[in-house]
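Structural characterization, general
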Amino acid sequence: MLRCNLPISEFTSQIPNPLFDLAGIMCGQFGVSFWKFFLATFFGKAIIKTHIQTVFIIAICNNQLLNWIENGVVGVLGHVPGVASFLPPVIAKLHAIRDKYLKEPIPVLPNSKEKKWDLSIASIWNTVVLLMLLNFFVKIVNATAQSYMRKQQERKEATKTNGSFSRNSYMQ
């Protein structure tokens, strides 16, 4: 039985998207309420995007459906002038990729003591994002503490000035 060995996490993970950040900035600039933006984002990502990714993964891992889609696309593109000539090499490359991911997994030996470092651009990027989030968290805590201390100092100053004012007015 063939198993689909596609790295599902790569398809379903959240890739940083600067256009989405720009959309969030523009919504804030034009006064779109937080809940309207949040609900639109939630429905877009949790419902629509999830179902599109699910259908895509099912289509990729189902040989019959994949062959049906391939035959349909080849049938349509075969009638386009100029496309039919370079279609066979593209289809051969796609078959090679499909065969690579739809093969039996190589069994991992349990006694394997070789430790492999998975240093990739994705792991470096994830580390950078984690450091940015930690920095953001520290700054929020620091700003909250400074605000709290400022309010305490203002209260203390207010009680000093009110206390000295009431004593001075009492003495006269």
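As a reminder, the structure under discussion sits directly above these lines.
Attention in this report is confined to the structure presented alongside it. Sequence order as written defines residue numbering, which begins from 1 separately in each chain. Note on the predicted model: pLDDT of at least 70 is required for a residue's local features to be given, and 80 or more for side-chain atom pairs to be given and counted; whole-chain, interface and lining totals, by contrast, use all residues. Based on all heavy atoms of the structure, the side-chain values leave hydrogens and waters out of the count.

Describing an aromatic ring pair means giving the distance of the ring centres and the angle of the ring planes. Two rings belonging to Phe, Tyr or Trp (six-membered ring only in the last case) form a pair when the distance between their centres is within 6.5 Å. Interplanar angles under 30 degrees mark stacking, angles over 60 mark edge-to-face geometry, and anything in between is tilted. Taken as a whole, this structure holds four aromatic pairs when the rule is applied. Measuring from ring centre to ring centre gives 5.7 Å for phenylalanine 34 and phenylalanine 38, while their planes differ by 20 degrees; the resulting arrangement is stacked. Here the residue phenylalanine 34 and the residue phenylalanine 38 both occupy positions in helix α3 (residues 34-61), the gap between them amounting to four residues, near one helical turn. Using a 1.4 Å probe on the protein chains alone, a residue whose accessible area is under 20% of its type maximum counts as buried, one over 50% counts as exposed, and one in between counts as partly exposed. You can call phenylalanine 34 exposed: its relative accessible area is 52%. When its relative accessible area of 39% is taken as the criterion, phenylalanine 38 is described as partly exposed. Measuring from ring centre to ring centre gives 5.7 Å for tryptophan 35 and phenylalanine 38, while their planes differ by 90 degrees; the resulting arrangement is edge-to-face. Within this pair, tryptophan 35 and its partner phenylalanine 38 are both found in helix α3, separated by three residues, close to a single helical turn. Classification of tryptophan 35 as exposed rests on a relative accessible area of 56%. The rings of Phe34, Trp35 and Phe38 are connected pair by pair, giving a single aromatic cluster. Per the convention used, a helix needs a DSSP run of H or I reaching at least four residues, while a strand needs a run of E reaching at least two, with both numbered from the N terminus.

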